[in-house]
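Given next are the chains, with one letter for each unit.
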Amino acid sequence: MAELLARIAASPSKSLLALASAFIAGIALHALDERVWQPTTFAVGAALFLATGLLALRRPRTRLILLCAGLAFAGVARYDVVLAATPSPQEPPAGSGRFVGTVVEGPKNTVAGAVLVMGRVFVSETGASFIERVELRYRVPVETRIGDRIAWRCRLSRRPYDGVMSCMPSEFPIVIERPSGFSGARLLASFKDRIRAVAVTLLPEPHASVLLGLLLGDRGGIPRDLVDAFRRTGTAHVLAVSGYNVHQLVETAFVVFAFASVRRRSASMAVAATLGIFVVLTGGEASVIRAAIMGCFGLAAGLLGRRNSSLSPLAFAAAVMLCHDPALLRHDIGFRLSFAAVIGMQAFGPALFRRLGGEPDGFGSKRMFADTVAASLATMPIALSDFGVLPLAGPIVNLVIVPLVPLIMATGAAALILGSVWAPFGTLPALLSGAFAGAMVSVVDGAARVAPVLAADATAMETVVLYVWLILLRYALVAPDRGRPVASPAPPDMVVVTYAPLEPYRLQTGQQGQYDFGSTSNVSPQAKDDPPSFAAGL
C-alpha cells in the first residue's frame, strides 16, 4: 500500500485522478441519503484536512491522503449546501390544472408542432411550486421566446423513460410577461431558430429533425415512434449530441488549421473556444460538457508537452460538473450513462478488440463493434435500473448506422451554411444529407420491428451485483494479456496531425493516434517518444 501511494503521489496525472475521485466519492456518499446533514461541520472538516495537507510539503504520501480526505469532506459539504438551498419538489395536482412558468428553452417549431421547456413552474390556483423541468408539446407552432412568462392548462404526467414532466395543452399559451432589453439567451434562440428554419426548408421530415439532433441536440421535431425505434435498437445515443460529435468537430477543426498552417498554440486556443461555443449551442448536455472538458484537458496536455492519460481527464470532468450541480449524479440519467459508457470503452474496449483478432480492418468495424459492446456492458445496469429494458441488437445496429453519422453531419452542416446564404446553394449537400439520414432511419425502423429487447427491472442491490460482475469480467478479459505486447498496427492511410512547439502543423501519414475524448490516449505511438509534440489521429 505504501508503495502504491508513493507511485500515485509521484505522478501528477495519478494524483489528479485520486483527488477528483475523492471529491466524487463524497458526492456519491451523500447522494445515497438526500436529507440535509451538517454542511457547516463538513465544510470545516474539509478546510482542516486541506490546510493540513497543504502544509505537509515534505511528505507526499501524507499530503495526498489528507488532501483526498479534505476533498471527500468537501464533496459531502457541497451536496449538503445544495440540498439546504433547494426547495423540495412537489408533484402536480391530480387532474387538469392551470400552471404558470418561464420559457427556458424553445420554442422548437417544426412542421410537427412545437416544444417548449419551462422552468420555475407554479400551480396557478394554489401558488405551490415544483422546481422541475416541464416540457410542453403543441401540435402547431407557437409564438413565444425564451424568458417569456406564460400560462397554460393541461394534465401533467411524468414520462416513464426519463422522468420528465410533460403534457400537450389543447390551448395556445397565454403570455403574461415578456422581458425587454438585450438577452444573450434570446439571441442564441433566434440563431437556432434560423438554423432550424433552413433545415426544414432544405430537408423533409424526419430527416431535418434527425440532422438537427445530430448537430445541435434538437430532437423536438423527431416523431415519437421514430424515437421509440431508436430506443428499442439501442441507438438513441446517436440522436443526442455526445462526445462523438465533439470528436468530429475537433477533427474537422484540426484538419482546417493544419492546411492553413496555423501555429499550435493559436489553433489550440481557437479549438477550445469552438468547444465552448458548441456547448452553448447544444444546450449544455452532460455528454457534451464532459467531452468538452476532456477535450480542453487534452489540448492543455498537448501545449505542455505531456501525455494525456485516459482516466484523469474523465475524473476531472466529472468532479467539475458535480461541483457545479451535485444532483447530476442521482437525478440526471444522461450524466450517468455518458460517464459509464466512456469508462466501459476504456475498461473493455481494448480487451474485446484483441479478442476479435487485434488487427484493424479497413473500415474500423472491429474497433467500432468492440467499443459498442463495451459501452453497452457498462451501461447495462443503469438501463435495467432506470428503464427496465435492454436492447440486445444494439451492437449490430450501431455497426451499420454509426458510419453514417459523420456523413450526415458533414453534408448537413454544408447544406445549412450554404442554405443560409441562399437556399438553392444548399440543395446538393441537402440531397446527400437527406439520403444518408433516410438510410439511417430505414435501418433503425426496420431493425426495431424485429430487434429483441430484454425487459427486466433491476433493483439497487441487483445493480450493484451487476457492476461487481462487470469488474470480475474485466479482470477475466485482461488477466490473460498481462505481460503481452498490446500494440496494434493502424491502417496505413490514417492521417496524423503533429504539433511541434511554436511551429505550424505538419500533416503526415502513419499509425493511428486516438483523439477521442474519453476512449483512449490522445498521443500517437510516434508522439509518445517526443514529449514536446502532440498528435491527433483523424
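Thresholds applied
- Residues numbered from 1 in each chain as written.
- Predicted model: local features only at pLDDT ≥ 70, side-chain atom pairs only at ≥ 80, totals over all residues.
- Heavy atoms only, no water.
- Helix = DSSP H or I, 4+ residues; strand = E, 2+ residues; numbered from the N terminus.
- Buried < 20%, exposed > 50% of the residue type's maximum accessible area, 1.4 Å probe, protein only.
- Contact = heavy atoms within 4.5 Å.
- Areas by Shrake-Rupley, 256 points an atom, 1.4 Å probe, with all protein chains shown as cover.
- Salt bridge = Lys/Arg side-chain N within 4 Å of Asp/Glu carboxyl O.
- Disulfide = S-S within 2.5 Å.
- Phe/Tyr/Trp six-rings, centres within 6.5 Å; stacked < 30°, edge-to-face > 60°.
- Lys NZ or Arg CZ within 6 Å of the ring centre and 35° of its normal.
- Axes fitted to C-alpha atoms, helices over the stretch in contact; angles between N-to-C directions.
- Parallel < 35°, antiparallel > 145°, perpendicular 65-115°, else oblique.
- Polar contact = N/O pair within 3.5 Å; in protein donor to acceptor, adjacent residues only side chain to side chain.

A. Expanded view of the overall build of the protein. Each helix and strand in the protein was counted, giving 18 helices and 12 strands. Evaluated residue by residue, the protein yields a buried proportion of 46% over its 538 residues. For the protein, long-range pairs separated by at least 24 residues make up 69% of all intrachain contacts whose partners lie at least 6 apart in sequence. Here the protein has roughly 26100 Å² of accessible surface; of this, 66% comes from carbon and sulfur atoms.

B. The pattern of salt bridges, seen in detail. Applying the stated criterion across every chain yields a total of 4 salt bridges. Here Asp-33 makes a salt bridge to Arg-35, at a shortest N to O gap of 2.9 Å. The salt bridge involving Arg-231 is made with Asp-228; its shortest N-O contact spans 3.1 Å. In this pair, Arg-231 and Asp-228 both sit in helix H7 (residues 224-232), 3 residues apart, roughly one turn of the helix. The class of Asp-228 is partly exposed, set by a relative accessible area of 32%.

C. Quick look at the state of the cysteines. Per the counting criterion, the structure on display carries 1 disulfide. Each sulfur in the disulfide pair Cys-154 and Cys-167 lies 2.1 Å from the other. Measuring the twist about the S-S bond at about -75°, one finds the Cys-154-Cys-167 disulfide to be left-handed. Here Cys-154 is found in strand S4 (residues 149-154), whereas its partner Cys-167 is found in strand S6 (residues 165-167), with 13 residues between them in sequence. Classification of Cys-154 as buried rests on a relative accessible area of 5%.

D. Focus on the packing of aromatic side chains. Applying the stated criterion to the full structure yields 7 aromatic pairs. Aromatic pair Phe-42 and Phe-73: ring centres 5.8 Å apart, planes at 40°, arrangement tilted. With a gap of 31 residues between them, Phe-42 in helix H3 (residues 39-55) and Phe-73 in helix H4 (residues 60-85) connect regions that are remote in the sequence. According to the relative accessible area criterion, Phe-73 is partly exposed, its value standing at 30%. Within the aromatic cluster, the residues linked to one another by ring pairs are Trp-37, Phe-42, Phe-49 and Phe-73. Just above the ring of Phe-353 sits the side chain of Arg-367; from NZ or CZ to the centre is 4.2 Å.

E. How the structure looks around the packing of helix H1 (residues 2-10) against helix H2 (residues 12-31). For the pair H1 and H2, interaxial distance at closest approach is 5 Å and the crossing angle is 105°. What the angle tells us is that H1 and H2 run roughly perpendicular. Contacts between H1 and H2 pair Arg-7, Ile-8, Ala-9 and Ala-10 from the former with Pro-12, Lys-14, Ser-15 and Ala-18 from the latter.

F. Representation of unusual backbone geometry within the structure. Looking along the chain, the bond that leaves Glu-205 and enters Pro-206 is cis, with omega of 5°. On the secondary structure map, Pro-206 appears in the loop between helix H5 (184-202) and helix H6 (207-216). Even without being glycine, Ser-261 reaches a positive phi, approximately 55°. Structurally, the position occupied by Ser-261 is in the loop between helix H8 (243-259) and helix H9 (264-281).

G. Quick peek at the side chain of Thr-379. Mapped onto the secondary structure, Thr-379 falls in helix H14 (residues 365-386). A polar contact is formed between the side chain of Thr-379 and the backbone oxygen of Ala-375, at a distance of 2.8 Å. In this structure the side chain of Thr-379 is engaged in a polar contact, spanning 3.4 Å, whose partner is the backbone oxygen of Ser-376. Excluding its chain neighbours within four sequence positions, the residues that come into contact with Thr-379 are Leu-337, Ala-340 and Ala-341.

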